[in-house]
Amino acid sequence: MTTHLNPFANPPGNFVQWCTRLMIFFFISISISTFGQTNPAAQTLPYSQDFSGLAHTSTTYPTGWVGWTISAAPGAGFNLTGPSADRLLTANSTASTTSGNVHNYNGKIGSLNTGSLDLCVATAINTTGLTTIIVGFDVMTIRNPYDGATNTRINEVILQYRVGTTGAWTNVTGTEYQNNTTTQTTAVTTPQNSSTKSITLPVGAENQAVVQLRWASRQVSGGGSRPSFAIDNVTVSGSAAAPSITVSTTSLPDFGNVQTGNTSTEQSYTVSGLNLTAPIAISAPSGFEVSLSSGSGFSSGFSLTPSSGAVPITTIFVHFIPGATGPFSGTIDHVSAGATTRSVAVSGTGTSCSAPTITAGGPTSFCTGGSVTLTSTAGASYLWSTSETTQSIVVSTSGSYTVTMTDGGGCTATSAPTVVTENAFGVTGTLFSENVGTPLATTPVNSYTGWQNQGIYSYSSSTTPQADVRTTTASSGYAGASAGGNIFLGFSTLPTPSLRDITISGINTLHYTSLTLSFGMLRSPATDPLTVEVSSDGTVWTALSFTQPPTTAWTLITPTGSIPATANLRIRFSKGQNSTQFRIDDINLTGTANQLEITATTPTTFCDGQFAVLVSNIPTGNSWSPDPAFTQAVNVYTANSFYTTVTDGNGCTAVSM
């Protein structure tokens, strides 16, 4: 029986002696708690341990086993952290042993938790090259203080695993075991309520140098003294993983026409292998050669030798070197014992003459309406991929163009392709942006003149009271937050209606695709959501969808839904009567325009001294004529025909319709 000194109980008459004992106790406690944990050596599979060779008096764990402190706080859930310290093996333990420790129960080992100790036993295995890792063990109760009165504790033990020696643990579901309600607290080591478990570990535990296993417990119900658990007859096995070969492609592009005796341009692919028991033999078909180096070392084949069963990703270079005229084809085969053969198809044509080349008479990338002349090297006849038969052709559309030429000796060969790209006009970016400006005071929307786009678009509120613009609680916390002012959809107590809205009108989205709206939003606790709608006529509105954000911070919102391409897009933000308040800032609309068009936002017939407002549907890059200007919108004061020009990133220019 183990006796434990309690320095706080029955202090001796010599107070100094009692204080000294107390200090020693504290020193020992602190020293033990600071020990780090020892990781058990990973055992080779198959593995078994029945603890029959462990004497009851032994305080030394079997090879590959340790005891750990998981934490100082056992609870209702299995602890998935730790371990934090090693635990010594306590010898000669029985069901009468009450100390919180890892115990030698005479042919099995186990642990007994306390209110301030969460303990476990653990081992480790090496699963390299193995799959289907099966763990079997017997789990049992040794000490069971359950009496139905003051001791009603039901605890549960489970197998946990992790890969490596750090990080969180994972419960292996299906290994749970609980003590029963039969009391056993005498000096015996008889297994009580023994259960045999067998489980296949998750695939994450396969083919790993170190997989740690531990048996941990949790408190399920009841109170009082805790039971102790033990394990025995532990077995771990695995199945050898099948050898495998992986190639990055199953075929290479045709090598085309290559004159006999000459060498083609190289191509490449990669190969790798796992769980191999023999080298990967690589062999090329007739007319083709392989190498591990670009530009040298080519041969009909070679082998890659695995290390610890693996061949890392390796680049294989291939060239075509025909020894005769005519078509060549076949596969580069990759073979290793027990692995499925992987093949890469190759093809090419040997010719008695050199393949023709194509010369472009200008850039092969141009804007719609442009073209380029392609010319073949001289020969007796020509057949282009367009079916044309002249030495030169003019192409004006995107494509891959080749020519087959026959020389004076009747030898025919095909050129490498020339790629031509036709770029259609297109501008992608922001077509509308509004940061609300910085108001000097809280101002109703219909009276505010500090908009970023004042005079270009219309901003209006139809509710009473109106939505307003203010600087309190400036926008922040998301990319593009402008701070400054924002639109405020406030709240009024009944009977005054608390509806609020703001509508932005006059946004020209003609000829735009992929329209996307975004805005910053701050939402106070609310029962009704903010509604965002779009319309092309101001009568029929379509709601956009988004998730209402948290109520604690500004959030950038990007709703989904259909936004129409129209000369006058309206965007409306509104809230219901039961909502509290919303703030809106940094409204942006992006898209891609494939045409350029001018829209008049005022009458185009006016008197002397007046003017018309013309707006381009593309916000940047405008060059107006006949009155030079470089803004999106211009005021015109005289009668004339006005147009604007925009050049996109590919150098393609569009003139307004």
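Given the structure is predicted, the values throughout are model-derived calculations rather than measurements. Here the residue index of a chain counts from 1 through its sequence in written order. Per-residue local features are limited, in this predicted model, to residues with pLDDT of at least 70; the limit for side-chain atom pairs, both in listing and counting, is 80 or more; totals at the level of whole chains, interfaces and linings are taken over all residues. Hydrogens and water are ignored here; the side-chain numbers use all heavy atoms of the structure.

Quick notes on the overall build of the chain
Here's step 1: Every helix listed is a DSSP run of H or I at least four residues long, and every strand listed is a run of E at least two residues long, numbered separately from the N terminus. Secondary structure assignment for the chain yields one helix and 51 strands.
Here's step 2: Every residue pair with non-hydrogen atoms within 4.5 Å of one another is taken to be in contact. A sequence separation of at least 24 residues applies to 69% of the contacts in the chain between residues at least 6 apart.
Here's step 3: On the chain, roughly 30,000 Å² of surface is accessible, and the fraction owed to carbon and sulfur atoms is 53%.
Here's step 4: In summary, the charge assignment counts Lys and Arg as positive and Asp and Glu as negative, without counting His or the chain termini. One atom stands in for each charge, and that atom is NZ of Lys, CZ of Arg, CG of Asp or CD of Glu. Of note, the chain has its 18 positive side-chain charges centred 25 Å away from the centre of its 28 negative side-chain charges. Accessible surface area values rest on a Shrake-Rupley calculation with a 1.4 Å probe, where residue burial reflects the displayed protein chains alone.

Here's the deal with the side chain of T443
Here's step 1: With respect to the secondary-structure elements, T443 resides in strand β35 (residues 443-444).
Here's step 2: Polar side-chain contacts of T443 include one of 2.8 Å to the backbone oxygen of A441.
Here's step 3: When neighbours within four sequence positions are excluded, T443 is seen to be in contact with Y448, D468 and V469. Polar contacts here mean pairs of N or O atoms no more than 3.5 Å apart (in protein, one a potential hydrogen donor and the other a potential acceptor; neighbouring residues in sequence count only if both atoms are side-chain atoms).

Side note on the sheet that holds strand β25 (residues 358-360)
Here's step 1: Here the rule is simple: two strands pair whenever DSSP picks up at least two bridges between them. In spatial order, the strands read β25-β27-β29; together these three strands make up an open sheet with antiparallel pairing. Either end of the sheet is taken by a strand with one partner, and the two such strands are β25 and β29 (392-395). Each adjacent strand pair in this sheet contributes to an overall mean axis angle of 25 degrees, direction not counted. Comment: axis = line fitted to C-alpha atoms, over the contacting stretch for helices; angle = value between 0 and 180 degrees taken between N-to-C directions.

Notes on the packing of aromatic side chains
Here's step 1: Two aromatic rings, drawn from Phe, Tyr or Trp (for Trp, its six-membered ring), form a pair once their centres lie within 6.5 Å of each other, and the interplanar angle then sorts them: stacked below 30 degrees, edge-to-face above 60, tilted otherwise. Under the criterion given, the structure shown has 16 aromatic pairs.
Here's step 2: Both rings, one in W65 and one in W215, keep their centres 5.7 Å apart while their planes meet at 20 degrees; by these two values the pair is stacked. A residue pair is termed long-range when its members are at least 10 positions apart, and W65 in strand β3 (residues 65-71) and W215 in strand β14 (residues 211-221) qualify at 150 residues. There is no split in this pair, since W65 and W215 are both buried. Working definition: with a 1.4 Å probe on protein chains only, accessible area under 20% of the residue-type maximum means buried, over 50% means exposed, and in between means partly exposed.

Overview of the nonpolar core
Here's step 1: What makes a nonpolar core is a set of buried Ala, Val, Leu, Ile, Met, Phe, Trp, Tyr and Cys residues whose side-chain atoms join them at distances within 4.5 Å. In terms of nonpolar packing, the biggest core is built from 42 residues, with F519, L530 and F573 touching the most fellow members.
Here's step 2: Only β34 (427-434), β38 (486-489), β39 (500-507), β40 (512-523), β41 (530-535), β44 (569-575) and β45 (582-593) provide two or more residues apiece to this core.
Here's step 3: Setting aside anything within four residues of it in sequence, one finds L530 in contact with L489, F519, M521, F546, Q548, F573, S574, F582 and I584.
Here's step 4: Core analysis: the next-biggest nonpolar cluster, separate from the first, contains 31 residues, L54, L89, I125 and V172 among them.

Concerning the state of the cysteines
Here's step 1: Our working definition of a disulfide is a cysteine sulfur pair at a distance within 2.5 Å. Scanning the entire structure with this criterion turns up two disulfides.
Here's step 2: The residue that forms a disulfide with C353 is C411, at a sulfur-sulfur distance of 2.1 Å. For the disulfide bridge between C353 and C411, the dihedral angle about the S-S bond is near -85 degrees, and by the sign convention the bridge is left-handed. Of the two residues, C353 is situated in the loop between β24 (342-351) and β25 and C411 in the loop between β31 (403-406) and β32 (412-414); the sequence distance between them amounts to 58 residues. Comparing C353 with C411 shows no difference in burial state: the two are buried.
Here's step 3: Each sulfur in the disulfide pair C367 and C652 lies 1.9 Å from the other. Residues C367 and C652 share a disulfide whose torsion about the S-S bond is about -100 degrees; that sign makes it left-handed. With C367 in strand β26 (residues 365-367) and C652 in the loop between β50 (643-647) and β51 (653-655), this pair connects stretches of sequence that are 285 residues apart.
Here's step 4: Relative accessible area serves as the criterion here: at 21%, C367 is assigned to the partly exposed category.
Here's step 5: We classify C652 as buried; its relative accessible area is 2%.

Details of the pattern of salt bridges
Here's step 1: Should a side-chain nitrogen of Lys or Arg be within 4 Å of a carboxyl oxygen of Asp or Glu, the pair is scored as a salt bridge. Following the criterion strictly, the structure yields three salt bridges and no others.
Here's step 2: Note that R218 and E156 form a salt bridge whose closest N and O atoms lie 2.9 Å from each other. Placement of the pair is R218 in strand β14 and E156 in strand β10 (residues 154-163), with a sequence separation of 62 residues.
Here's step 3: A relative accessible area of 8% places E156 in the buried class.

Describing the pairing of strand β27 (residues 372-376)
Here's step 1: Burial of the side chains of β27 is restricted to one face: V372, L374 and S376 are buried, whereas none of T373 and T375 on the reverse face is.
Here's step 2: When β25 meets β27, the two strands line up antiparallel, connected through three bridges. Each bridged residue has a counterpart across the sheet, and for I358 the counterpart in β27 is S376.
Here's step 3: In the sheet, β27 pairs with β29 via four bridges, with the strands oriented antiparallel. The residue bridging T375 from the neighbouring strand is S392, located in β29.

Overview of the sheet that holds strand β19 (residues 280-283)
Here's step 1: As summarised here, the arrangement of the five strands in space is β17-β24-β23-β19-β21, forming an open sheet in which the pairing is mixed. Two strands bound the open sheet, and with one partner strand each, they are β17 (257-259) and β21 (301-304). Neighbour to neighbour, the strand axes of the sheet diverge by 25 degrees on average, direction disregarded.
Here's step 2: Summarising the sheet, β17 and β24 pair through three bridges and their orientation is parallel. If you follow Q259 over to β24, its bridge partner there is T351.

Digging into the environment of W68
Here's step 1: Tracing the sequence through the fold places W68 in strand β3.
Here's step 2: Along the primary structure W68 and L213 are separated by 145 residues, whereas in three dimensions their C-alpha atoms are 12 Å apart.

Details of unusual backbone geometry
Here's step 1: For the peptide bond that leads from G82 to P83, omega is 10 degrees, which places it in the cis range.
Here's step 2: Positionally, P83 belongs in the loop between β3 and β4 (85-86).
Here's step 3: Between T464 and the following residue, P465, the backbone shows a cis peptide bond with an omega angle of 0 degrees.
Here's step 4: Relative to the elements of secondary structure, P465 occurs in the loop between β36 (458-460) and β37 (468-470).
Here's step 5: With a phi angle near 55 degrees, T473 is a residue other than glycine that sits in the positive phi range.
Here's step 6: Of note, T473 is situated in the loop between β37 and β38.
Here's step 7: With a phi angle near 55 degrees, D586 is a residue other than glycine that sits in the positive phi range.
Here's step 8: On the secondary structure map, D586 appears in strand β45.

What to know about the pairing of β14
Here's step 1: Among the eleven residues that make up β14, eight are buried, leaving the element largely enclosed by the rest of the structure.
Here's step 2: As defined by bridge partners, strand β8 (residues 118-126) adjoins β14 across five bridges and the pair is classed as antiparallel. Within β14, the position partnered with A122 by the bridge is R214.
Here's step 3: Both β10 and β14 contribute to a ladder of ten bridges, which runs antiparallel. Along β14, the bridge assignment pairs R162 with Q212.

Details of the confidence of the model for the chain
Here's step 1: Per-residue confidence for the chain gives a mean pLDDT of 90; residues scoring 70 or more make up 93%.
Here's step 2: Per-residue confidence from the prediction method is given by pLDDT, with values spanning 0 to 100. With pLDDT under 50 throughout, residues 1-35 is counted as low confidence; its partners more than four residues away or in other chains account for 17 contacts.

Some words on the environment of N151
Here's step 1: Along the polypeptide, N151 turns up in the loop between β9 (130-141) and β10.
Here's step 2: Separated by 75 residues in the primary sequence, N151 and R226 have C-alpha atoms spaced 8.0 Å apart.
Here's step 3: Once residues lying within four places of it in the same chain are set aside, the contact partners of N151 are P145, Y146, G223, G224 and S225.
Here's step 4: From its side chain, N151 meets the backbone nitrogen of S225 in a polar contact 2.8 Å long.

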